[in-house]
Amino acid sequence: MIPPILIVSDVSDTRSKGLAARLDRRGAVVATVPLAAIAFDTGSPSGLSIPGFDGALPDAVLVRSIAAGSFEAVTRRLGVLHAFAKLSIPVWNSAQAIERCVDKSMTTFLLKNAGLPTPPTFAVEGRAMAEAIAERELPFTPLVLKPLFGAQGRGIRLIETLSDLPAEDEVNSVYYLQHYVPRPGPPFRDFRVFVCAGEVLAMMSRRGDDWITNVNRGAVPEQVAGHGETELGALASAAAAAIGADFAGVDIVPAADGQLFVLEVNSMPAWSGLQSVVAVNIADAIADALLKFLADRPEGAAAARPYRLTAPANS
């Protein structure tokens, strides 16, 4: 049976289109729908209403992006992903994995709990608690303040004195403080490793004049050569497993002494910069891994139901 696959994406970007095209070429029936457009509907047999599915359900869900929104809107959208899991539909990545990655404090907790090297980190509420941590830690190391929810290097600050701490209303009263990992520079360098289904697909180094080495901030993606690819891959695979992510972009930074630290795990990673410096086609690899996962499931694992798309693929 041809598997119908739902790609959840709130933007019609190159990566979402590429995934849909590659799944389509491999025989899947694909629809791309924003998560905001999927409704809870108790009148539907499944309890969900998905545009283009005529009451049916997909064989799998692949989450590319979730748009920002109010706390209520995001909660409802993640609830839809939880509902798919309740209906025994595989979701890459699951709502739980996404929640763990979005909340940097939980990511760090899980990394540390798994015994992975990650910088000492503190997440507290209120400026008084943040000041107490800063007073204790700053004599030994600068701190990096990151938004608890955030990506692509936005909102990151270096804290070197108490006066560098922002007011509570600038951070919604939550202070995520992490030891700064000293490294030579400029130029500064870190690594992004892409993991899918437990396997390392690709990796790159990011070189930039800014210590925040995100490509969207001007860092240059480069091939990894002679930087301990085996160790990087092992760390990244273990980090993705600790979070429970089916695919992830793992950020790893080398300290001045060469020790590697896992900083973040991204459950909805972009890969345009990475794709520019590696030979493997990342969209192809994700499509192949998902279809292999579906094919390898025990017979009867997918519930018998009338899969049928009523809208054109990639609608």
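Rules behind the numbers
- Residues numbered from 1 in each chain as written.
- Predicted model: local features only at pLDDT ≥ 70, side-chain atom pairs only at ≥ 80, totals over all residues.
- Heavy atoms only, no water.
- Phe/Tyr/Trp six-rings, centres within 6.5 Å; stacked < 30°, edge-to-face > 60°.
- Helix = DSSP H or I, 4+ residues; strand = E, 2+ residues; numbered from the N terminus.
- Buried < 20%, exposed > 50% of the residue type's maximum accessible area, 1.4 Å probe, protein only.
- Axes fitted to C-alpha atoms, helices over the stretch in contact; angles between N-to-C directions.
- Parallel < 35°, antiparallel > 145°, perpendicular 65-115°, else oblique.
- Left-handed = near helix turned anticlockwise from the far one by under 90°.
- Contact = heavy atoms within 4.5 Å.
- Nonpolar A, V, L, I, M, F, W, Y, C, P; charged D, E, K, R; others polar.
- Core = buried A, V, L, I, M, F, W, Y, C linked by side-chain atoms within 4.5 Å.
- Salt bridge = Lys/Arg side-chain N within 4 Å of Asp/Glu carboxyl O.
- pLDDT = per-residue confidence, 0-100.

1. Section: the packing of aromatic side chains
Counted under the stated rule, the structure contains 4 aromatic pairs. Here the aromatic rings of F194 and F247 are separated by 6.5 Å at their centres, their planes lie at 15°, and the arrangement is stacked. Of this pair, F194 sits in strand β11 (residues 188-196) while F247 sits in strand β14 (residues 247-254); the two residues are 53 residues apart in sequence, bridging distant segments of the chain. Take F194 and F247: they sit in the same class, and that class is buried.

2. Describing the packing of helix α1 (residues 14-25) against helix α8 (residues 282-296)
Running from N to C, α1 and α8 point in directions that differ by 50°, and their axes come no closer than 9 Å. Considering the angle they form, α1 stands oblique to α8. Of the two possible hands of crossing, α1 and α8 adopt the one that is right-handed. Contacts between α1 and α8 involve G18, L19, R22, L23 and R25 from the former and A283, D284, I286, A287 and L291 from the latter. Of the residues belonging to the contact of α1 with α8, the class tally is 6 nonpolar, 1 polar and 3 charged.

3. Quick notes on the nonpolar core
L23, L62, W271, L274 and I286 are the most contacted members of the largest nonpolar core, which totals 27 residues. Elements that contribute at least two residues to this core include exactly β1 (4-8), α1, β5 (60-63), β11, β12 (199-208) and α8. Ranked by the residues each element gives to this core, the list is headed by α8, at 8 residues. Each residue touching L62, except ones within four places of it in the same chain, is listed here: L6, I7, V8, L19, W92, F247, I286 and L290.

4. A short note on the environment of I50
Topologically, I50 is positioned in the loop between β4 (48-49) and β5. What makes I50 buried here is its relative accessible area of 6%. Along the sequence, I50 and A31 sit 19 residues apart, while their C-alpha atoms lie 10.0 Å from each other. Excluding residues that lie within four positions of it along the chain, I50 makes contacts with L6, I38, A56, L57, P58 and F84.

5. Structural notes on the environment of N172
You can see N172 is positioned in the loop between β9 (157-159) and β10 (174-179). Residue class for N172 comes out exposed when judged on its relative accessible area of 68%. Taking C-alpha positions, N172 is 9.5 Å from L148, a pair spaced 24 residues apart along the chain.

6. Let's talk about the pattern of salt bridges
Scanning the entire structure with this criterion turns up 14 salt bridges. A salt bridge links D190 to R206; the shortest N-O distance between them is 2.9 Å. Of this pair, D190 sits in strand β11 while R206 is found in strand β12, placing the two residues 16 residues apart along the sequence. With a relative accessible area of 7%, D190 lands in the buried category. Between R206 and D251 there is a salt bridge, with the nearest N and O atoms lying 3.2 Å from each other. Of this pair, R206 sits in strand β12 while D251 sits in strand β14, and the two are 45 residues apart along the sequence. Using a relative accessible area of 5% as the deciding quantity, one classes R206 as buried. It is possible to trace a salt-bridge network through shared partners that takes in R22, R26, D284 and D288.

7. Some thoughts on the confidence of the model for the chain
Confidence in the prediction of the chain, expressed as mean pLDDT, is 90, and 92% of residues score 70 or more. Summarising per-element confidence for the chain, the mean pLDDT is lowest in α1 (89) and highest in strand β6 (residues 91-92) (98). Across residues 303-313, confidence stays below pLDDT 50; counting only partners more than four residues off in sequence or on other chains, it has 27 contacts.

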